Amino acid sequence: MNKKSIRDIDVKGKKVFVRVDFNVPLENGAITDDTRIRETLPTIRFLIEKGAKVILASHLGRPKGQVVEEMRLTPVAARLSELLGKPVAKADEAVGEAVQAKASALNEGDVLLLENVRFYEGEEKNDPELAKAFASLADIFVNDAFGAAHRAHASTEGIAHFLPAVSGLLMEKELDVLGKALNNPERPFTAIVGGSKVKDKIDVINKMIEIADNILIGGGLSYTFLKAQGHEIGLSLCDDSKLDLVLEFVEKAKKLGKNFLLPVDIVVSEDFKAAVNAEIVGQGGIPANKEGVDIGPKTRELYAEVIKNSKLVVWNGPMGVFEVDDFANGTRAVAQACAETSGYTVIGGGDSAAAVEKFRLADKMDHISTGGGASLEFMEGKALPGVVALNDK
Ligand SMILES: Nc1ncnc2c1ncn2[C@@H]1O[C@H](COP(=O)(O)OP(=O)(O)O)[C@@H](O)[C@H]1O
Ligand SMILES: O=C(OP(=O)(O)O)[C@H](O)COP(=O)(O)O
């Protein structure tokens, strides 16, 4: 990476504003997955050991510029404190006199967590005044929030214009791994794209057709392709505005000699929340009163074979409605093949990562990204504003 990291600067005795992505899932105030907190520990520990005064800032959810009690970072401070094995002070605001006082009182190695930065209207607007207020708390800015690096917000981008700005260790690792995988991929390189929304994945499918050898399509977005090719898709998800475009993709893949695969069989059901008269049908056989909810057994075998023969696999988006056990087999088969392949496996996207966790296969993957949208944009080749703003080496 050509950006400076915390390894390249002296932080001893300095107040360091560290933007992290502690946007963790909460249920009734309890954290249900603390991966994003654990993945940030190397950066926080590094700074503590080097004698920095650590000021952490994050968003949680989308409070839209207002204080939302359920979106306070209080449970995150408690969890972080447990994981670090030391106290973490928590501020109830992210700027202002009380926070200034708390920041000024920090000793070397102390950790302070600010309140949700999205409680302030200026955050998502990248308001320079708010960015300046954040900057006034510290001597150095560290961005370790890979999951929010595709957002140009006051605490991810704006602040970098007012302080020396470097990356944290998680940011560095994400960019290194994803960058290496995509810039000089080992081949055969297989890209698996699933999930529900064609619109969100258009750019990544397009890019993958250009750089991957095999492109495996699954999940809710496959039906737009099947319909475009003239198949009946019943009640399946479909983006009718993209029919022409997806046909162009199929043509482009053919022209470039790429192995572009769509499901050859499909699990269909009258309801996507539970199996109601569920059955397995061929590509063209979806009944009018049913919708596709998973890839069928032939497709699972076909995709697993391709994955096992790959040197690099990049996977984004589940193969079916994996939250329902009866419809999880396709996603499980792909996860299992990723676990078994000797190739390097990269998982991007919140739902794919959640699926891999659910099947207890997370430790069998080579890299699970902490960023969904961010890893997608990175894979599409877009510049991430939170990275662009950092100081060059
Ligand atoms: N055939 C399908 N019909 C409806 N929804 C689907 C289908 N296949 C997958 N999904 C849904 O897609 C959602 C995940 O999509 P997406 O957000 O694009 O993935 P990711 O977060 O991994 O990028 C899951 O909630 C899953 O239930
Ligand atoms: O959870 C996040 O995004 P992700 O679900 O795409 O990984 C990040 O914290 C960014 O959050 P945002 O999409 O509300 O800006």
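Cut-offs applied
- Residues numbered from 1 in each chain as written.
- Chains lettered and ligands numbered in written order.
- Predicted model: local features only at pLDDT ≥ 70, side-chain atom pairs only at ≥ 80, totals over all residues.
- Heavy atoms only, no water.
- UniProt positions renumbered as here; feature names shortened; annotations may be inferred.
- Helix = DSSP H or I, 4+ residues; strand = E, 2+ residues; numbered from the N terminus.
- Buried < 20%, exposed > 50% of the residue type's maximum accessible area, 1.4 Å probe, protein only.
- Contact = heavy atoms within 4.5 Å.
- Polar contact = N/O pair within 3.5 Å; in protein donor to acceptor, adjacent residues only side chain to side chain.
- Axes fitted to C-alpha atoms, helices over the stretch in contact; angles between N-to-C directions.
- Parallel < 35°, antiparallel > 145°, perpendicular 65-115°, else oblique.
- Left-handed = near helix turned anticlockwise from the far one by under 90°.
- Domains from an automatic or database assignment.
- Buried area = accessible area lost by both parts, 1.4 Å probe.
- Salt bridge = Lys/Arg side-chain N within 4 Å of Asp/Glu carboxyl O.
- Nonpolar A, V, L, I, M, F, W, Y, C, P; charged D, E, K, R; others polar.

Peer 1: Whenever I open this one, the UniProt feature "binding site: substrate" (unreviewed entry) in the protein chain confuses me. Can you help?
Peer 2: This chain's UniProt record puts "binding site: substrate" (unreviewed entry) on D21, F22, N23, R36, H59, L60, G61, R62, R118 and R151. Within the fold, D21 resides in the loop between β1 (15–19) and β2 (26–27). Classification of D21 as buried rests on a relative accessible area of 6%. Apart from residues no more than four positions distant in its own chain, D21 is found in contact with R36, S58, H59, A145, G147 and A148. Of note is the side chain of D21, whose polar atom sits 2.9 Å from the backbone nitrogen of N23. The buried category is assigned to F22, whose relative accessible area is 0%.

Peer 1: Looking at this structure, how should I read the packing of helix α7 (residues 198–211) against helix α9 (residues 243–255)?
Peer 2: The relative placement of two packed helices comes down to the angle between their axes together with the axis-to-axis distance. Running from amino to carboxyl end, α7 crosses α9 at an angle of 15 degrees, the nearest separation of the two axes being 10 Å. Our classification of the angle between α7 and α9 gives roughly parallel. Where α7 crosses over α9, the two elements pack in a sense that is left-handed. Across the interface between the two elements, V198, I202, I205, N206, I209 and E210 from α7 touch L245, V246, F249, K252 and A253 from α9.

Peer 1: Looking at this model, I keep getting lost on the domain arrangement of the protein chain. Mind explaining?
Peer 2: How large an interface is tends to be reported as the accessible area lost when its parts come together. When cut into domains, the protein chain gives domain 1 (15–172) and domain 2 (185–380). Carbon and sulfur atoms make up 62% of the surface buried where domain 1 meets domain 2, a total of about 640 Å² over both sides. On the domain 1 side of the contact with domain 2, R36, F146 and H150 bury the most area, a combined 70% of that side's loss. Remark: the boundary between domain 1 and domain 2 carries zero salt bridges. The tally of links from domain 1 across to domain 2 stands at one residue pair in polar contact (both at pLDDT 80 or more). When its residues are assigned to classes, the side of domain 1 that touches domain 2 shows two nonpolar, three polar and two charged.

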